[in-house]
Amino acid sequence: MAKPKIGLSTLYCLSEPFVSLIENVQHHDIRYIELPDEGLHSLNTRRVKKLKEIAETCNLDFVIHAPWAGINIATPSPSLHRAVLKRLEKSIIYAGKLGCSLWLFHPGSRTGLSHIYPEKDWQLNLESVRTLLSISRREDVKIAIENTPEPFPSLMKNVGEFTRFYNDLEDDIGMVLDVAHANLNNQIQDFLIQLPNKIVHMHVSDNDGVSDLHLGIGYGTVDWNHFAKLVKTANYSNLLVIESTNRIKESIQFLRRLFV
């Protein structure tokens, strides 16, 4: 039976200087590291060069999480839309230079104009994804799109929206299942049963079922034993990336016990 691999997101140290990230990725017994291209850890040529050296020295494999703060690939403003895609293109290029196995991003969101121009944001979301796919193929980087949480006005939070997306896109792109996000609208089982062949990457953290708290695994309301059964049934063997912002060591140990 397939067994997932365990990875770790450096989201937990995103509030610290970039040098802290460099120190942290070398001190955990984890080969697969997800790097948020965001905030104090936004990538540039110098940082990519340093990360590549560390990857080679420490035998690490990186995944890049695209920037998300203020990023909306479905914005109706043409100038903002161009700026957003330009920023994401730069992120994909850096992922290519790092030899990343995956670059992942968030879908678009509704805005104050959504009720005035029905379906416009949905079409812009599709258009942007097609553009990002084209860039990713040029840079030889695989990309995937993540389910986002309640109560944010994202266009893609549940199985129904993802099913429509795949029907409308008429192209191939993987899905990142964020288990904590799915927990907020009771969609964990639905995603794993209805879209198992689309899921290429997972984020795992815990929450109280109300807010996206990024708790340590086992410190919230997610039923992890049931989740493990669903993952095994889906024959999932890619990464489970811990996206908790606390109790990191405990979360690593919890997952390892869960998938012995």
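Reference entry: report on the structure contained in this document. Every value quoted in this text rests on a predicted model; they were computed, and no experiment measured them.

Digging into the overall build of the protein
The helix and strand tally for the protein stands at 9 helices and 8 strands. For the C-alpha atoms alone, the extent of the protein along its principal axes is close to 50 × 45 × 30 Å. The buried share among the 260 residues of the protein stands at 54%. Looking at the protein alone, contacts between residues at least 24 apart form 76% of all its contacts between residues at least 6 apart. With the model as given, the accessible surface of the protein reaches about 12,000 Å², and the carbon-plus-sulfur share is 50%.

Thoughts on the packing of aromatic side chains
The description of two aromatic rings rests on the distance between their centres and on the angle between their planes. Counted by the stated rule, this structure contains 7 aromatic pairs. Both rings, one in Phe-165 and one in Tyr-166, keep their centres 5.3 Å apart while their planes meet at 65°; by these two values the pair is edge-to-face. For Phe-165, a relative accessible area of 0% puts it in the buried group. We classify Tyr-166 as buried; its relative accessible area is 11%. On the basis of an interplanar angle of 90° and a centroid distance of 6.5 Å, the ring pair of Phe-227 and Phe-259 is categorised as edge-to-face. Of the two residues, Phe-227 is situated in helix H8 (residues 224-233) and Phe-259 in the segment after helix H9 (248-258); the sequence distance between them amounts to 32 residues. Given a relative accessible area of 1%, Phe-227 falls into the buried group. Aromatic rings pair up to connect Phe-162, Phe-165, Tyr-166 and Phe-191 into one cluster.

Let's talk about the environment of Phe-191
Assignment of secondary structure puts Phe-191 in helix H7 (residues 188-194). When residues no more than four places from it in sequence are discounted, the contact partners of Phe-191 are Asn-147, Lys-157, Asn-158, Val-159, Phe-162, Met-175, Leu-177, Ala-182, Pro-196 and Ile-199.

Examining a nonpolar patch on the surface
Together, Leu-113, Ile-116 and Tyr-117 make up an exposed nonpolar region whose accessible area comes to about 290 Å². Relative to the assigned elements, Tyr-117 resides in the loop between strand E4 (102-105) and helix H4 (120-139). On the basis of relative accessibility, which here comes to 48%, the residue Tyr-117 falls in the partly exposed class.

Let's talk about empty space enclosed by the protein
Evaluation of the coordinates by the stated rule reveals 2 cavities of 30 Å³ or more. Estimated volume of the largest cavity: approximately 60 Å³. Around the largest cavity, the lining residues are Ala-74, Pro-76, Thr-111, Leu-113, Ser-114, Tyr-117, Lys-120, Asp-121 and Leu-124. There is about 40 Å³ of room inside the second largest cavity. The wall of the second largest cavity is formed by Ala-66, Pro-67, Trp-68, Ile-71, Leu-88, Phe-105, His-106 and Pro-107.

A look at the sheet that holds strand E6 (residues 174-178)
With parallel pairing, 8 strands are arranged side by side around a closed barrel as E1-E2-E3-E4-E5-E6-E7-E8. In this sheet, adjacent strand axes meet at a mean angle of 30° when their direction is disregarded. Bridge count between strand E1 (residues 5-9) and strand E8 (residues 239-242): 4 bridges; the pairing is parallel. If you follow Leu-8 over to E8, its bridge partner there is Ile-242. Where helix H3 (residues 78-97) meets the sheet, its contacts fall on strand E3 (61-65) and E4, and the angle it forms with E4 comes to roughly 160°. The strands touched by H4 are E4 and strand E5 (143-146); relative to E5, the strand with the most contacts, the crossing angle is about 150°.

With respect to unusual backbone geometry
In this chain, Glu-150 is followed by Pro-151 through a cis amide linkage whose omega measures 0°. Assignment of secondary structure puts Pro-151 in the loop between E5 and helix H5 (159-169). Even without a glycine there, the phi angle at Asn-59 is positive, about 55°. Note on placement: Asn-59 falls in the loop between helix H2 (45-58) and E3. Given the relative accessible area of 47%, Asn-59 is considered partly exposed.

The rules behind each value
Residues numbered from 1 in each chain as written. Predicted model: local features only at pLDDT ≥ 70, side-chain atom pairs only at ≥ 80, totals over all residues. Heavy atoms only, no water. Helix = DSSP H or I, 4+ residues; strand = E, 2+ residues; numbered from the N terminus. Buried < 20%, exposed > 50% of the residue type's maximum accessible area, 1.4 Å probe, protein only. Contact = heavy atoms within 4.5 Å. Areas by Shrake-Rupley, 256 points an atom, 1.4 Å probe, with all protein chains shown as cover. Phe/Tyr/Trp six-rings, centres within 6.5 Å; stacked < 30°, edge-to-face > 60°. Patch = residues over 30% accessible without salt bridge, like charges linked within 9 Å, V, L, I, M, F, W, Y side chains within 5 Å. Salt bridge = Lys/Arg side-chain N within 4 Å of Asp/Glu carboxyl O. 1 Å grid on protein atoms, 1.4 Å probe; cavity = no way out; pocket = protein on both sides within 12 Å on 5 of 7 lines; lining within 4 Å. Points joined across faces, edges and corners; volume = space filled by probe spheres on them. Pairing = 2+ DSSP bridges. Axes fitted to C-alpha atoms, helices over the stretch in contact; angles between N-to-C directions.

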